[in-house]
Amino acid sequence: MYEHLMMEVKGQTAIVSINNPKSLNALNSATLAELNTCLADMEQSKDIRVVIVTGVGAKAFVAGADISEMVNATAAEGRDMALLAKEAFRRLERMPQATIAAVNGYALGGGCELAMSCDIRVAAENAVFGQPECGLGILPGFGGTQRLTRLVGKGRAKELIFTCDKIDAQEAYRIGLVNKVVPQAELLDFCLMMADKMLSKGSYAIALAKMCIETGIDTDLNSGLNMEATNFGLSFATNDKKEGMTAFLEKRKATLTDF
Ligand code: HXC
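Residues numbered from 1 in each chain as written. Predicted model: local features only at pLDDT ≥ 70, side-chain atom pairs only at ≥ 80, totals over all residues. Heavy atoms only, no water.

**A few points about unusual backbone geometry**
One can expect most non-glycine residues to show negative phi and most peptide bonds to be in trans. The residue Leu-24 is not glycine, and still its phi comes out positive at about 55°. Position of Leu-24 relative to the elements: it lies in the loop between β2 (13–18) and α1 (29–43). The exposure class of Leu-24 is partly exposed, given its relative accessible area of 29%. One non-glycine residue with positive phi stands out, namely Lys-251, at about 55°. Within the element layout of this structure, Lys-251 appears in the segment after α11 (239–249). Given the relative accessible area of 78%, Lys-251 is considered exposed. (Helix = DSSP H or I, 4+ residues; strand = E, 2+ residues; numbered from the N terminus. Buried < 20%, exposed > 50% of the residue type's maximum accessible area, 1.4 Å probe, protein only.)

**A short note on the packing of helix α3 (residues 75–94) against helix α4 (residues 110–117)**
The geometry of α3 relative to α4 is characterised by a closest axis approach of 8 Å and an angle of 25° between their N-to-C directions. One way to sum up the angle between α3 and α4 is to call them roughly parallel. When α3 is examined against α4, the residues Phe-89, Leu-92 and Glu-93 are found in contact with a partner set consisting of Gly-110, Glu-113, Leu-114, Met-116 and Ser-117. The class makeup of the residues in the contact of α3 with α4 is four nonpolar, two polar and two charged. (Axes fitted to C-alpha atoms, helices over the stretch in contact; angles between N-to-C directions. Parallel < 35°, antiparallel > 145°, perpendicular 65-115°, else oblique. Contact = heavy atoms within 4.5 Å. Nonpolar A, V, L, I, M, F, W, Y, C, P; charged D, E, K, R; others polar.)

**Topic: the side chain of Gln-131**
Tracing the backbone shows Gln-131 in the loop between β8 (128–130) and α5 (144–152). Engagement of the side chain of Gln-131 in a polar contact is seen with the side chain of Glu-133, the distance being 3.2 Å. If we ignore the near neighbours within four places in the chain, the residues touching Gln-131 are Gly-109, Cys-112, Glu-113, Met-116, Pro-140, Gly-144, Leu-148, Leu-160, Ile-161 and Cys-164. (Polar contact = N/O pair within 3.5 Å; in protein donor to acceptor, adjacent residues only side chain to side chain.)

**Examining the domain arrangement of the protein**
Interface extent is often summarised as the accessible area lost during association of the parts. Domain annotation of the protein identifies domain 1 (5–199) and domain 2 (202–250). Between the C-alpha centres of domain 1 and domain 2 the distance comes to 27 Å. The interface is formed by 13 residues belonging to domain 1 together with six residues belonging to domain 2. A buried area of about 720 Å², summed over both sides, lies between domain 1 and domain 2, and 43% of it is on carbon and sulfur atoms. Here domain 1 and domain 2 share three salt bridges between them. Its salt-bridge partner being Lys-210, residue Asp-119 comes within 2.9 Å of it at the nearest N-O pair. (Domains from an automatic or database assignment. Buried area = accessible area lost by both parts, 1.4 Å probe. Salt bridge = Lys/Arg side-chain N within 4 Å of Asp/Glu carboxyl O.)

The structure is reproduced here in structure tokens:
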């Protein structure tokens, strides 16, 4: 169905793999367009509740935007490519499903930016992160100046972007760029286990919490707290709230189904 993506569904978890192995999964416009379509379909789905994003092969998650496509691109084409990535990557942050980046190797430039658009990043021990754009005479254009700064702070973001240093998984963990580091062979199983843990919780509650976090981070504390109160109230109107709390009081496991 897709030329540049592989899709696998395991229960309520979808695994989307960037599939351009000849260029270490570099993101060209066609791949970004497919990713956008794929995520637009999935965000409507009630059956898929967690999305794992990864790259095909053992060497790269995504080695960046496709340099062979960008080399002759005009300013307008560069901007359009950035806006296409913005649309696709924004979906990852806004879709009701929880998203996990399973970073299985190089996550450079647009690859690091794709990983940063996911809710959670799990890195294999061999993962390498970096924003090498300034070495190519451009700047991060798929959200790096914004998301890296929000994740690791202004000083570290500027250091990584200005020096183009590549960092390994442990360093990425140390600075808060990734949530976990696991052995390469266990990466997907670990992510699926994390997905299962989320699936045993309230998917609708997780979607509301995600929305509060994503919207709240762009607003002032008071507006964020008011938004949280509204959504907290909304969660009280769900079957999951009744079942979750009743199950606790009856000392049994809850079965939460809302989404
Ligand atoms: C196009 C790429 C690519 C990329 C790798 N390849 N990265 N092609 N775009 N981003 C291709 C190589 O040209 C090569 O093709 C094949 O993949 C294997 O790569 P090698 O370089 O031979 O592998 P290796 O020596 O192991 O080095 C791996 C690497 C290196 C360190 C990841 O490939 C590398 O530095 N890649 C570029 C990383 C980068 O600068 N990313 C940021 C891009 S800019 P052939 O045909 O020779 O086999 C960006 C901007 C985002 O992301 C915003 C835009 C708006």
